[in-house]
Amino acid sequence: MIFCMKLNIPQKFLKPYDPKATEEKVYKSWQESGFFNPDICVEKGATKADAPVFSMVQPPPNVTGTLHMGHALATTLEDIMVRYHRMKGFRTLWVPGTDHAAIATQAKVEGIIYKEEKKRREDLGREEFVRRVDAYAKQSRDTIVGQVKKLGASVDWSREAFTLDGKRSLAVRTAFKKMYDDGLIYRGYRIVNWDPKGQTTISDDEIVYMESIGMFYTFRYSKDFPVSIATTRPETKVGDTAVAVHPEDVRYKKFIGKEYSIDFAGTKIHIKIVGDDAVDPKFGTGAVGVTPAHSHIDWEIAQRHKLLIVPVINEYARMSVDSPILKDKKVAEARIAVVDWLKSEKLLEKEESIPQNVATAERTGGIIEPLPKLQWFIDVNKKIASRKNKSLKDLMREAVLEKGVAIIPDRFEKVYMNWIENLRDWCISRQIWFGHRIPVWYRTKQGINKTLEYETYCGIEAPENDPNKPDWFQDEDTLDTWFSAGLWTFSTLGWPEETADLTTYHPTSVLATGYDIIFFWVARMILMSTYLLGEVPFKTVYLHGLVRNALGSKMSKSQGAVDPILMCEKYGMDAVRMSLVVATGPGNDTKMSEDKIRAYKNFANKLWNIARFVLSSVLGETYDEKFAEFSLDDRALLAEQNELLKEISREMGEFKYYLVAEKVYAYIWREFADIILEKSKDIFKNGGDADRESRKQFLLRTLVKFLKILHPFAPFVTEEIWSDMPVAGKKSLIIESWPM
RNA sequence: GCGCGGUUAGCUCAAUUGGUAGAGCGCUACAUUGACGUUGUAGAUGUUAUAGGUUCAAGUCCUAUACCGCGCACCA
């Protein structure tokens, strides 16, 4: 009996845990099992067909290159949610995909082409250029897919989507047409945010304000003009058509209604003095030079007073005004020229420096020039008949206030509401080539009085040409990338077709994403889904923080970014995942350091060695789920464990993964390894048969439970250990049941 | 200007509904050839930013201040 059959534990346990030899192999086995696909889970009996549903869409990474630590954090959190629910028996779907990221990708490829060939997109032509960007996007997509796999994401690859692929394009055109028909999308000549560097308009949300110090000039248009005005942009003043004062301002009241023709900086301007409540009498001189063509507020003032609009700056941020001292000058040069002219005419009264915010384009960094242009907009205030006369703003508000979209952490609800309050019509047309072309076509027709007019057609497909009429030509512009991203929760499930996926998995359960894109994306998804489908896109929004480097600044390659893939190669992905999740509450930024990752690599190895000890201690034994003859000591330990498991289960339900990860870590290392295993050595050596048997089953039971609990956090090492556990009838850990 | 978050051990951060503060890394000393040195044991370091208040009890709730960070608005 003492000389029982010599059994050995698998060779691999004799060496430290080797993530490199494990991770790829394990991921492959998962993929081959098909269990990332809920249909197969049902088919193979791993999930009940009538089980509750848990669904998510992956926030599609931009096809601009590679993943960074932020992606790794998001993916880890999502994968934890997905694996947890799958193990809990939910019919679980996680849809992967990538985003074409219109401006970002186009800018990136333009940069590469210019660097390598000294060519601009115009040199290549639209078709060839788009072909190049497509090729880049494809390659980038392949890289990203490889990285998402490395991260261990249990996404259903059979449902992979791309915001610019055929199905998603159909969804975009369908959505556009419906909005067009409902009068929510309109084309209008309005002042927009023009990015001279990217040569396109951008939406209000794509503006990044840079603080700087600017000069504030106080002057008069001419010697006999009755009021002084102040500005930081003298070069725009050649486009002034009015001076606005507060209607009750006693200093200026008497001039309201008067008009003046003035020679100013080499051109002629015509100024009308108007009274407008928007003017703050205490700011500057209390009188505003109104430049309708180059300022949002002035544009609005001009609308109210029916003022002339005189554009003086062009798309290249150069002066288009007919003045010998300004024509074709860059705005910065023109500014100096106007100030010089004011000085020479002795019109400048004061010059002081003030702090100001310079509007720049998020993607290109170009300084935004407000320009009046003919663009496409989404009307956020129009009442929609098919939605009980509610506006898009109403629908967005309602989703959170009444329809129960929960935002975690809830303080972002306030931020979201505040954004809706300030929201103006969304400019959706972009003058770039890479993206969804606006599904609107035009052809010329003879108007009344022989004027040339355009006939407009909006449709899901191009209209057919009529041999007796001029040919249709399509609108040149493409759509804001967030238009297609807004459809993501349902375009990925087959909309506009009424697919089984759509009815089963929409609304999705949770959307996990960074708080930095709450406006860009979260709000737009709510807008699109509530309007187009009449339901919310998700029930819960989990907003995670940004990953910062050890210095606390946003991760960027130039500033010592910690690359997740590099870290994975060094320490294993389980370590990277754990280090990202521990002590990272929702909405809080987290600092990433290699030390932290190293600590969790040690943890993975600790687990490995625990398994080695347990396996070698129970050789010949099989895990008995129903074993009940536990010793008093073991019973007490199990009771303790149950308390912990209860806490953990509650916290998993409350999205408190950072607490769970920490607790499991502490229990496994400080309790299980340091105390329980040490004591076990003594029991195995000196204890009676019953105690030894009890302890063996206790160790097995504990390891089984904690491998399962740890699996969503550290999927690779747990699955690898699981494969050698003496558990009869075991399946892959991904579909094993959650222990509680 | 409006709003939000933060300030806890040298560093990075925890502390679930208020119950005399914890972890990792780092540091000090010691130990150990049988699961693991990617280890173990022991230890040091805190007026929880400041000042008030509520409470039997405050890191946690309230008020104010300071500093750091962020969002929005303004930016003539």
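Residues numbered from 1 in each chain as written. Chains lettered and ligands numbered in written order. Predicted model: local features only at pLDDT ≥ 70, side-chain atom pairs only at ≥ 80, totals over all residues. Heavy atoms only, no water.

*Asks:* An account of the nonpolar core is needed here, citing residue identities and associated values.
*Replies:* In this structure, M69, M81, M652, Y657, F713, I721 and M725 are the most contacted members of the largest nonpolar core, which totals 100 residues. Among all residues touching I721, those that are not within four sequence positions of it are F13, L607, W608, A611 and L707. (Core = buried A, V, L, I, M, F, W, Y, C linked by side-chain atoms within 4.5 Å. Buried < 20%, exposed > 50% of the residue type's maximum accessible area, 1.4 Å probe, protein only. Contact = heavy atoms within 4.5 Å.)

*Asks:* Tell me about the sheet that holds strand β12 (residues 287-290), and name the residues and values.
*Replies:* The 4 strands are arranged β10-β11-β9-β12 in an open sheet whose pairing can be described as mixed. Across the chains shown, the open sheet's two edge strands, defined by having one partner strand only, are β10 (259-264) and β12. Pairwise comparison of adjacent strand axes, ignoring direction, gives a mean angle of 30° for this sheet. Where strand β9 (residues 242-245) and β12 come together, 4 bridges link them in antiparallel fashion. Residue pairing in the sheet places A244 in a bridge with V288 of β12. Of the strands in this sheet, β9, β11 (267-275) and β12 touch helix α8 (residues 296-305), which is tilted by about 85° from β12. (Pairing = 2+ DSSP bridges. Helix = DSSP H or I, 4+ residues; strand = E, 2+ residues; numbered from the N terminus. Axes fitted to C-alpha atoms, helices over the stretch in contact; angles between N-to-C directions.)

*Asks:* Outline the protein's contact with RNA strand B, supporting the account with residue identities and numerical values.
*Replies:* Residues in contact with RNA strand B amount to 45 residues; listed here are only the nearest, A230, T231, V288, N357 and W669. Within 4 Å of the protein, atoms of RNA strand B come from sugar and phosphate in 60% of cases. Within the side chain of K414, an N or O atom sits 3.1 Å from a phosphate oxygen of RNA strand B. Between RNA strand B and E651, the relevant distance is 3.1 Å, taken from a base oxygen to a side-chain nitrogen or oxygen of the residue. Listing elements by their share of the surface near RNA strand B, those giving two or more residues are β7 (207-219), β8 (229-231), β13 (348-361), α11 (411-422), α18 (594-617), α19 (632-653) and α20 (657-686). It is α20 that contributes the most residues to the surface near RNA strand B, 11 residues altogether. (Near = heavy atom within 4 Å. Polar contact = N/O pair within 3.5 Å; in protein donor to acceptor, adjacent residues only side chain to side chain.)

*Asks:* Explain the confidence of the model for chain A residue by residue, including any values.
*Replies:* Of the residues in chain A, 97% have a pLDDT of 70 or more, and the chain-wide mean is 91. Every residue in residues 1-6 scores below 50 in pLDDT, and together they form 0 contacts with partners more than four places removed in sequence or on other chains. Confidence drops under a pLDDT of 50 for residues 556-560, and excluding neighbours within four residues, the segment shows 6 contacts in the predicted structure. For this predicted complex, the interface confidence reaches an ipTM of 0.91, while the overall pTM sits at 0.94. (pLDDT = per-residue confidence, 0-100.)

*Asks:* Hey, could you go over the packing of aromatic side chains for me, with residue numbers and the actual values?
*Replies:* Centre distance and the angle of the planes are the two values used to describe a pair of aromatic rings. All chains considered together, the criterion is met by 38 aromatic pairs. Judged by centre distance (6.1 Å) and plane angle (55°), the ring pair of Y180 and W376 falls under tilted. With Y180 in helix α7 (residues 166-181) and W376 in strand β14 (residues 369-378), this residue pair connects regions lying 196 residues apart in the sequence. Taking the ring centre of F35 as reference, the NZ or CZ of K44 above it sits at 5.4 Å. Sitting over the face of the ring of W433, R121 holds its NZ or CZ atom 5.2 Å from the ring centroid. (Phe/Tyr/Trp six-rings, centres within 6.5 Å; stacked < 30°, edge-to-face > 60°. Lys NZ or Arg CZ within 6 Å of the ring centre and 35° of its normal.)

*Asks:* Residue-level account of the packing of α19 against helix α21 (residues 689-710), with values.
*Replies:* For the pair α19 and α21, interaxial distance at closest approach is 11 Å and the crossing angle is 10°. As the angle between them shows, α19 and α21 are arranged roughly parallel. Within the contact between the two elements, α19 uses D633, D634, L637, L638, Q641, N642, L644, L645 and I648 and α21 uses S694, R695, F698, R701, T702, K705, F706 and I709. Its residues placed into classes, the contact of α19 with α21 shows 8 nonpolar, 4 polar and 5 charged. (Parallel < 35°, antiparallel > 145°, perpendicular 65-115°, else oblique. Nonpolar A, V, L, I, M, F, W, Y, C, P; charged D, E, K, R; others polar.)

*Asks:* Which residues make up the pairing of β7, and what are the values?
*Replies:* Judged from the 13 bridges that link them, β7 and β13 form a sheet pairing that is antiparallel. In the sheet register, M210 faces β13, and the bridge partner there is V358. Summarising the sheet, β7 and β8 pair through 3 bridges and their orientation is antiparallel. If you follow T218 over to β8, its bridge partner there is A230.

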